[in-house]
Amino acid sequence: MKRLTWFNTTSLTLGFAFLYLPMIILVIYSFNASQLVTVWAGFSTKWYGELLRNEAFLDAAWVTLQVAVVSSTIATVLGTMAAYVLVRAGRFWGRTLFSGMIYAPLVMPEVITGLSLLLLFIGIGLDRGVLTIILAHTTFSMCFVSVVVSSRLVSFDRSLEEAALDLGCSPFQAFRLVTLPIIAPAVISGWLLAFTLSLDDLVIASFTAGPSATTLPIKIWSSIRLGVSPEINALSTILIGIVAVGVVTASLVSKRQLMRQDADEKAAVRAEA
Amino acid sequence: MPETKFAPWTDPNEKPLIQFRNVTKRFGTFTAIDDQSFDIYAKEFFALLGPSGCGKTTMMRMLAGFETPTEGTILLGGRDIAPIPPNKREVNMMFQSYALFPHLSVRDNIAFGLKRDKLPADRIAARVDEMLKLTRLEKFASRKPHQISGGQRQRVALARSLAKGPKLLLLDEPLGALDAKLRQDTQFELMDIQEKTGTTFVIVTHDQEEAMTVASRVAVMDDGRIVQIATPDEIYEAPNSAYVADFIGDVTLFSGTAMNRAPEAEPIQETAEAGTEAAPEEAENPETETVDTPKAVTDIGVPVEPEAPISGEPDAPEPARAEPAPAAAPAKAARGPQPNRMGLWLHDKLWAKVFGPRTDIVRQLPPPSDAERTLKSAETEPVSAETSRAPGGGITIDWAEGQPPLIALDGPEVKDGQQVQLALRPEKVGISKTKPDAVNALKGKVIDIAYLGNLSTYHVELENGMMIKAQLANTRRISRRDITWEDEVWVSWTGTAGVVLTS
Ligand SMILES: Nc1ncnc2c1ncn2[C@@H]1O[C@H](COP(=O)(O)OP(=O)(O)OP(=O)(O)O)[C@@H](O)[C@H]1O
Ligand SMILES: [Mg+2]
C-alpha cells in the first residue's frame, strides 16, 4: 500500500469533511437532550420516542412508502415497454420524435412538470391525494427507467430472441423467458432509481399532494419552516441509516456476485486444461 | 452399379423439399441475394460455400423466417413459407454467433426447445442427456455459457439446434471453432444423425474440405448469386467457371486463345522430339519424378501419362483415375473428371455400406471423343515412343508468347479464337528433371516447396514468369529429395487433366 503524502491526506480530509460534516452534526444533535437545537444538554434518545408517537410523521412516512412502491413499479413496467419499443421497433414513423420526447422530462424543470400536472388534475377534476402523487411520480420516473433499460437493450444481442423464436417460443414467451431475465439487472436498477426519486421528491409532490395526504419530504419541509426541531434530526438520522444500510448491502451483494462469477470462470479455465 | 445412389436432383419425379423461386433479398439498396432459384431435396446435406459477405447467412435466415424475401417465394414441401412465423416452422437453426441464453445452464439451453413442446419431463431429460453425450458436454451440463470455452459453446449451440430433431436443420458454420479431430468426429456424427433421422441439412462453411466431406451437394456462392450447384466431386473436377475452380481447392489458371484441333491424330513436334529421351528414362531413371506409369499404358503407347500424383498411400486401392485398366479401357482412363481422393475415401468408408460399391464413372461424361477413338485404334498397333503423338481432337490454347500451346482433349465446344481458361489442379501436374513424354510439358524453375506431410507442393515458375503448382504424394520417404529450390524442372500433365473454362 502506498503511503499518502501530506497533500493527499489534507485534500482527502477536507473533501470528506465537506461531504459528511453536516450530516455528522445532524446525527449528533438528534441525540441531544435539549429542546434547543444549538445547545448541547447531554445524550438522550427521547426524540426518537417522540417521533414514534407523532402520528403526522408516521402517516406521512406511510404515504411516502406507498407512493414510492406503487409509482416506481408502474413506471418500471411502462418505462421498460417504452424502451423495448423504441429500441426494437426499428424505424417507424416518428421514432426520433418519440425517443426525444421520452427524454424531455429528464431536463424539464420540476416546477414546470409539477405545475402542469397540477393544472391537469384540476382540469379533469381529480381530487389531490395519494393517487395524484402516484400518477405524478410515475410520469417523471418512467423516463428514467426507460433511459436505463434502453441503454441495456441497445447492447442486447437480438439473435437471442431469434433463437428463442426458432426453438418454438411465441414472441411474448421469448420476451418473458429470454429477454426479461437477461435485462433484469437493468430493470431492477431502473426500479430502484424510480423508487429513490419518488422517495425524496419535494417539488412535484408539493404541487400534487392534497390536504388528505402529505409525503415525508413535504412534512419535513413544512415543519422546518416552524423551526428545526430535534425530532426532525431524529427522523433524518433514521433516513440516513436506511440509505446507508441499503447502499452498503447493494455494494456487498454486487461484489459477492462479481467474485462468484470470477471463480466460476476460473473453474471453467481449469476444466479446459 | 448401385441403383440406390442418392441423387434425387437427377430424378425429375422427385419433389424438392425446399424451392427457391426467383428469390431476391435487398437491404435498402443493397442486394444481398440476387434473383436465385434452386431446389434442395429431402435428406440432402446441402453445403453453402462462399466468401464472407456473399449472402450465406441471409439465405439461411430467410429459411428460418427471420428475413422475408423482397421478391420471389420460398416453398417448403410445396407450401409458401412467407406467412409462417419462425416459431411455427419445422426448422431449427444454429446461429453463427451461437446465441446461447446466458442466464441458462448448458442443460437448460439444450432443453429450451423441448420444453416449448410441452414434452413430459423425463422425455426431455433423456433427450438432453443424449445430446450432451453426443457433443461430449456431460461434464459441463450445469455450467453457464460464460463458464465454458468457445468450442464448447459451439457444441452447445449445435446440441440445442439438434435436440428438437427438426425436418430441416440450418447450421451456420457449426464447426468452425473445433479442433481438427473433434471437427472430423462431429462431421461424422452429423452425417450419422442425418442418415438415422433423415433430417435435411443446410450447412454454411468456410472450410471447403468440410463441404467436401459432408455434403451431398455444394453450392458455391459469389456476391448474392449461386455460381454452381453440384456434387463435391463434380464441383472439384468439373467447375463451371474460373471462380469456382479457384474457390474450391488449389488451381492454376492459364488464360489463352482456343483453337480447335484437327480430329486426326497429328504428331506433336515438341513431344515427339522429347520422347526420344524421356520415354526410356521413364522406366529406369530414378530422376523422373513421377509415380511409375503403369507399364501396360506405356506399352500401348498412350502418351498421356505420367499421371504422377495419386493417392497418399501406395498400397491403398488406387483411385480409378490413376489406374487405367490396362488395355481394357484406356479411353475411359484418359477421360476426366473423376472423384477426388476425399470423395473416394468417403465413399469407401461411408456410403459404400449404404449404396454399395462405387462406380468410378462420373455422371455426364462426354461421349468418346475422336481422340479416344484414335486411342482405341492405337491399342492394336504398338506405337514406339519415337512416334509418340497426342490424339487428335480437343483444342489448343495459346497462352503465352514463345511457349508451346497447351492441349486439352476434352471440354466444352469452343470457337476458334475464343478466350478460354484452363484450370489445372496441382495434383494432376507431374514434375520431373528430364523432359517427360507428355502431351503438355513446360519448363520452369522450382521457387518454393511446401512440405505437407503426405504431400509436397512445388511452386514452379515457368519461363514466362507464371507460377504453377505441382503436388506430389510423398510415397517414399526420401523420394524426390533431389528436386530442390532453384532446380530446372519440367512440369507436365495429360491432355485431359485440365478443365477448359469459358467463363
Ligand atoms: N440486416 C442487414 N442490413 C443490411 N445489410 C445486411 C444485413 N444483413 C446482412 N447484410 C449484408 O448482406 C450481405 C450478406 O450477408 P450475410 O450475413 O448473408 O453474409 P455471409 O455470407 O453469411 O458472410 P459470413 O461468411 O461472413 O458470415 C453482407 O454484405 C451484409 O453486409
Ligand atoms: Mg454468415
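Attention here is on the structure that accompanies the text. Per chain, the residues get numbers from 1 upward, laid out in the order the sequence is written. Chain labels run from A onward and ligand labels from 1 onward, assigned in the order the entries are written. Selection of residues for local features in this predicted model requires a pLDDT of at least 70, selection of side-chain atom pairs for listing and counting requires 80 or more, and totals for whole chains, interfaces and linings are taken over all residues. Side-chain numbers come from the whole structure's heavy atoms, not from hydrogens or water.

### Overview of the packing of aromatic side chains
Cut-off, in case you're wondering: Classification of ring pairs uses Phe, Tyr and Trp, with its six-membered ring standing for Trp, and accepts pairs whose centres are within 6.5 Å; under 30 degrees between planes counts as stacked, over 60 as edge-to-face, and the remaining range as tilted. In this scheme, a residue with accessible area under 20% of its type's maximum is buried, one over 50% is exposed, and one in between is partly exposed, where area comes from a 1.4 Å probe on protein chains only. Secondary structure elements follow DSSP: runs of H or I of four or more residues count as helices, runs of E of two or more count as strands, with numbering from the N terminus. By definition here, charges over rings are those cases where NZ of Lys or CZ of Arg is within 6 Å of the ring centre and within 35 degrees of the ring normal.
Per the stated rule, a full pass over the model turns up 17 aromatic pairs over all chains. Taking the centre distance of 5.9 Å and the plane angle of 5° together, the rings of Phe-38 of chain B and Phe-46 of chain B count as stacked. Neither residue differs from the other here; Phe-38 of chain B and Phe-46 of chain B are each classed as buried. Plain terms: the ring middles of Phe-45 of chain B and Phe-201 of chain B are 4.6 Å apart, the flat faces sit at 10° to each other, and that makes the pair stacked. Highlighted residues: Phe-45 of chain B in strand β3 (residues 45–49) and Phe-201 of chain B in strand β8 (residues 200–205), separated in sequence by 156 residues. When its relative accessible area of 2% is taken as the criterion, Phe-45 of chain B is described as buried. A connected cluster of aromatic rings, assembled from ring pairs, spans Phe-31, Phe-43 and Tyr-48 of chain A. It is Arg-425 of chain B that lies over the ring of Tyr-236 of chain B; its NZ or CZ is 4.0 Å from the centre.

### A few points about the sheet that holds strand β15 (residues 430–432) of chain B
Sheets are built from strands that pair by backbone hydrogen bonding, the pairs being arranged parallel or antiparallel. All names here are of chain B. The line we're drawing: When DSSP finds at least two bridges between two strands, those strands are taken to pair. Fitted lines through C-alpha atoms give the axes, limited to the stretch in contact for helices. The angle between two N-to-C directions lies from 0 to 180 degrees.
Strands sit in the order β15-β19-β16-β17-β18 across an open sheet of 5 strands; the sheet is antiparallel. One side of each edge strand has no neighbouring strand; the edge strands of this open sheet are β15 and β18 (467–473). Neighbour-to-neighbour, the strand axes of this sheet turn through a mean angle of 45°, independent of strand direction. As defined by bridge partners, strand β16 (residues 440–451) adjoins strand β17 (residues 455–462) across 7 bridges and the pair is classed as antiparallel. Each bridged residue has a counterpart across the sheet, and for Tyr-451 the counterpart in β17 is Ser-456.

### Examining the interface of chain B and chain A
As a reminder of what qualifies: Any two residues whose heavy atoms approach within 4.5 Å are treated as being in contact. Each of two parts loses accessible area, computed with a 1.4 Å probe, when they are put together; buried area is these two losses added. Any Lys or Arg side-chain nitrogen located within 4 Å of an Asp or Glu carboxyl oxygen qualifies as a salt bridge. Polar here means any residue other than Ala, Val, Leu, Ile, Met, Phe, Trp, Tyr, Cys and Pro, which are nonpolar, and Asp, Glu, Lys and Arg, which are charged; Gly is therefore polar.
Contact residues are listed per partner, giving 27 residues for chain B and 25 residues for chain A. Roughly 2100 Å² is buried in total at the junction of chain B and chain A, and carbon and sulfur atoms are behind 60% of that figure. The largest contributions to the chain B side of the interface with chain A come from Asn-87, His-103 and Arg-116 of chain B, which together make up 24% of the buried area. On inspection of chain B and its partner chain A, the count reaches 1 salt bridge. The partner of Glu-162 of chain A in a salt bridge is Arg-61 of chain B, and the shortest N-O contact between them spans 2.8 Å. Grouping the constituent residues of the side of chain B that touches chain A by class yields 13 nonpolar, 9 polar and 5 charged.

### A closer look at the nonpolar core
Note the threshold: Throughout this description, the term nonpolar core refers to a set of buried Ala, Val, Leu, Ile, Met, Phe, Trp, Tyr and Cys residues connected via side-chain atoms within 4.5 Å.
Formed by 56 residues in total, the largest nonpolar core has its most connected members in Ile-18, Phe-20, Met-59, Phe-101 and Leu-170 of chain B. Those residues in contact with Phe-101 of chain B that lie beyond four places of it in its chain are Leu-160, Ala-163, Ala-164, Leu-167 and Val-178 of chain A together with Asn-109, Phe-112, Pro-145 and Arg-160 of chain B. Residues Leu-100, Met-131, Val-156 and Leu-190 of chain B belong to the second largest nonpolar core, which totals 46 residues.

### Quick notes on the coordination of the magnesium ion (ligand 2)
Residue and element names in this part refer to chain B. We count it as follows: Sites may look incomplete because water is not among the atoms; the donors themselves are N, O and S atoms within 2.8 Å of the metal, or within 3.2 Å for Na, K and Ca.
On the protein side, the magnesium ion (ligand 2) has Thr-57 (OG1) and Gln-96 (OE1) as donor atoms, found 1.9 to 2.4 Å from it. In this pair, Thr-57 sits in helix α1 (residues 56–64) while Gln-96 sits in the loop between β6 (91–94) and α2 (106–116), placing the two residues 39 residues apart along the sequence. The exposure class assigned to Thr-57 is partly exposed, which follows from its relative accessible area of 25%.

### Quick notes on the environment of Thr-457 of chain B
All names here are of chain B. Under the convention used in this document: Any N or O atom pair separated by 3.5 Å or less is treated as a polar contact, with the protein-specific requirement of one donor-capable and one acceptor-capable atom, and with residues adjacent in sequence counted only for side-chain atom pairs.
Relative to the assigned elements, Thr-457 resides in strand β17. Considered as a pair, Thr-457 and Arg-26 are 431 residues apart in the sequence and their alpha carbons are 43 Å apart. Side chain to side chain, Thr-457 and Gln-471 meet in a polar contact 3.2 Å long.

### Focus: the site of ligand 1
Residues and elements named next belong to chain B. Applied cut-off: Throughout, near means a residue has at least one heavy atom within 4 Å of the molecule or strand. Note on areas: Shrake-Rupley with a 1.4 Å probe; residue coverage comes only from the protein chains shown.
Surveying the vicinity of ligand 1 reveals the residues Phe-27, Phe-30, Ala-32, Ser-52, Gly-53, Cys-54, Gly-55, Lys-56, Thr-57, Thr-58, Gln-96 and His-206. Cys-54 is positioned with one of its backbone polar atoms (N or O) 3.2 Å from an oxygen atom of ligand 1. In this structure, Thr-57 approaches ligand 1 through a side-chain N or O atom, which is 2.5 Å from an oxygen atom. About the coverage of ligand 1: the protein hides 63% of its 630 Å² of free accessible area. Every element with two or more residues in the shell around ligand 1 is listed here: β2 (30–40) and α1. Considering each element in turn, the shell around ligand 1 owes the most residues, 3 residues, to α1. The residue makeup of the shell around ligand 1, split by class, is 4 nonpolar, 7 polar and 1 charged.

### A short note on helix α6 (residues 130–154) of chain A
Cut-off, in case you're wondering: Take the number of residues in a helix, subtract one, and multiply by 1.5 Å to get its expected span. Bend at a residue means the angle formed by two fitted axes: the first through the 7 residues ending at that position, the second through the 7 residues beginning there.
A rise of 1.5 Å per residue sets the reference length of α6 of chain A, with its 25 residues, at 36 Å; its end C-alpha atoms lie 35 Å apart and thus fit the reference within 8%. In the structure, α6 of chain A departs most strongly from a straight axis at Ser-141 of chain A, where the bend amounts to approximately 30°.

### Thoughts on the pattern of salt bridges
Applying the stated criterion across every chain, the model contains 21 salt bridges over all chains. Linking Arg-225 of chain B and Asp-34 of chain B is a salt bridge whose minimum nitrogen-to-oxygen distance equals 2.7 Å. Within this pair, whereas Arg-225 of chain B is found in strand β10 (residues 225–230), its partner Asp-34 of chain B is found in strand β2, the two being separated by 191 residues in sequence. The class of Arg-225 of chain B is partly exposed, set by a relative accessible area of 45%. Overlapping salt bridges, with partners in common, bring together Glu-162 of chain A together with Lys-25, Arg-61 and Glu-67 of chain B in one network.

### Re the environment of Thr-494 of chain B
All names here are of chain B. With respect to the element layout, Thr-494 can be found in the loop between β19 (488–493) and β20 (499–501). Of the residues examined, Thr-494 reaches a relative accessible area of 4% and is grouped as buried. Once the C-alpha coordinates of Thr-494 and Ala-473 are considered, the two residues, 21 residues apart in sequence, prove to be 18 Å apart. Polar contacts involving the side chain of Thr-494 include one to the main-chain amide nitrogen of Ala-497, which spans 3.1 Å.

### Here we look at the packing of helix α3 (residues 55–88) of chain A against helix α8 (residues 171–200) of chain A
Residues and elements named next belong to chain A. Where we set the bar: For classification purposes, angles smaller than 35 degrees are called roughly parallel, those larger than 145 roughly antiparallel, those between 65 and 115 roughly perpendicular, and all remaining angles oblique. Take the far helix as the reference: if the near one is turned anticlockwise from it by less than a right angle, the crossing is left-handed, and if turned clockwise, right-handed.
The interhelical angle for the contact between α3 and α8, taken along N-to-C directions, is 140°, at an axis separation of 8 Å. Taken together, the axes of α3 and α8 lie oblique to each other. Of the two elements, α3 crosses α8, and the hand of that crossing is right-handed. Contact residues: α3 offers Thr-64, Leu-65, Val-67, Ala-68, Val-69, Ser-71, Ser-72, Thr-73, Thr-76, Thr-80 and Tyr-84, while α8 offers Phe-175, Thr-179, Ile-183, Val-187, Trp-191, Ala-194, Phe-195, Ser-198 and Leu-199.

### A look at the side chain of Gln-228 of chain B
Residues and elements named next belong to chain B. Mapped onto the fold, Gln-228 is located in strand β10. A polar side-chain atom of Gln-228 sits 3.0 Å from the main-chain amide nitrogen of Asn-240. Other than its neighbours up to four places away in sequence, Gln-228 contacts Val-218, Ala-219, Val-220, Ile-235, Ala-238, Pro-239, Asn-240 and Val-244.

### Comments concerning the side chain of Thr-186 of chain B
Residues and elements named next belong to chain B. Mapping Thr-186 onto the fold places it in helix α5 (residues 180–197). Under the relative-accessibility criterion, Thr-186 is labelled buried at 11%. Looking at Thr-186, its side chain comes within polar contact range of the main-chain oxygen of Leu-182, at 2.5 Å. The residues touching Thr-186, leaving out its near neighbours within four places in the chain, are Leu-158, Leu-175 and Leu-178.

### Here we look at the sheet that holds β10 of chain B
All names here are of chain B. Here 6 strands make up an open sheet; going across it, the order is β6-β7-β8-β3-β9-β10 and the pairing mixed. One side of each edge strand has no neighbouring strand; the edge strands of this open sheet are β6 and β10. The mean angle between the axes of side-by-side strands here comes to 15°, regardless of whether they run parallel or antiparallel. Strands β6, β7 (168–172) and β8 of the sheet are contacted by helix α4 (residues 150–163), whose axis makes an angle of about 180° with β6.

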